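Residues per chain are reported as follows:
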Amino acid sequence: MTSSISSISYPASQPDLTVTIPFKRVRTQITEGGVVKDVLEAWADFGGAVSQVNTMTITAGSTGDDYLIGVTAGDDSAIISYTQRSGDTATTIAARLLEEINGVPSASALVSGTAATNVLTLTSDLPGVTITYDVSGSTTPSNIVVAQTTAASGTAKMRKVAEIKTYYEIPSGGRNLVAVNQSVFYDGANPAGVVRNNPEARSNHPQSMEALAALANA
């Protein structure tokens, strides 16, 4: 399961006012009718909680140095790590650590990040929940300087508002891959109730699997 923070906006009572709500994307899998489907869920915080934001400033050490970041939120935790390679700069290391965050489900379920030169900016995916970071397992802990720019505050009221289900199939006797998508919208209640269940939409790959195999093995 992987996830990230974005924002969604909706018009308020005044025509010139837009209210932005924290928006969390959660990836998971379900099985329906014997078919495994990838699901991208959209969750909105209607409680107005604030997500914690931290920066991590990276300094390059020596080849073989380990950079370890422990992330903890309540009972949930994750560890991100990267080992410095020959030629790596601080900017390279920051980018590789961000790739690790995005690639480790237990980490991406807790925080989302961006990298600018040698600085990582990590935003909690859990509004109102305090995140703690531990870099003591690194070869040189001082090469990762952690600073908090925004503290977590408020109480979140997370509600699922929408999801997209996706799976792929090759119809019997067919040669072209088919992508199947379905969107479902919810009422924001707890538990969530379906307010619109759109029919599945299918789209065919323009090339046959034989043609793709020929290109892949050329």
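Reading guide: rules and limits
- Residues numbered from 1 in each chain as written.
- Predicted model: local features only at pLDDT ≥ 70, side-chain atom pairs only at ≥ 80, totals over all residues.
- Heavy atoms only, no water.
- Helix = DSSP H or I, 4+ residues; strand = E, 2+ residues; numbered from the N terminus.
- Buried < 20%, exposed > 50% of the residue type's maximum accessible area, 1.4 Å probe, protein only.
- Lys, Arg positive; Asp, Glu negative; His and termini not counted.
- Salt bridge = Lys/Arg side-chain N within 4 Å of Asp/Glu carboxyl O.
- Polar contact = N/O pair within 3.5 Å; in protein donor to acceptor, adjacent residues only side chain to side chain.
- Contact = heavy atoms within 4.5 Å.
- Pairing = 2+ DSSP bridges.
- Axes fitted to C-alpha atoms, helices over the stretch in contact; angles between N-to-C directions.
- Expected span 1.5 Å × (residues − 1).
- Arc of directions from axis to C-beta.

Peer 1: Please explain the side chain of Asp65 as it appears in this structure.
Peer 2: Mapped onto the fold, Asp65 is located in the loop between β4 (53-58) and β5 (66-73). No salt bridge is formed by the buried Asp65; its nearest oppositely charged neighbour, Arg85, is found at 13 Å. Within the structure, Asp65 has its side chain in polar contact with the backbone nitrogen of Ser62 (distance 2.9 Å). When residues no more than four places from it in sequence are discounted, the contact partners of Asp65 are Tyr82, Thr83, Gln84, Thr139 and Thr140.

Peer 1: So what exactly am I meant to see when it comes to the sheet that holds strand β7 (residues 111-116) here?
Peer 2: Within a sheet, adjacent strands bond to each other through the backbone by hydrogen bonds, running parallel or antiparallel. Across the sheet, which stays open at both edges, the four strands sit in the order β7-β8-β4-β10 with antiparallel pairing between neighbours. Edge positions in the open sheet fall to β7 and β10 (144-150), since each of these has one partner strand only. Here the average twist between neighbouring strands, direction ignored, is 20 degrees.

Peer 1: Any chance you could explain helix α1 (residues 90-103) here in plain terms?
Peer 2: Structural remark: α-helix, 3.6 residues per turn; residues separated by three or four positions point the same way. The end-to-end C-alpha separation of α1 is 20 Å, in line with the 20 Å expected for 14 residues at 1.5 Å each. Looking at α1, one finds that the buried residues are Ala90, Ile93, Ala94, Leu97, Leu98 and Ile101. Down the axis of α1, the buried set is contained in an arc of 140 degrees. They therefore lie on one face. Residues of α1 that are buried make contact with β4, β5, β6 (76-83), α2 (105-108), β7 and β8 (119-124).

These results come straight from atomic positions and should not be treated as a statement about function.
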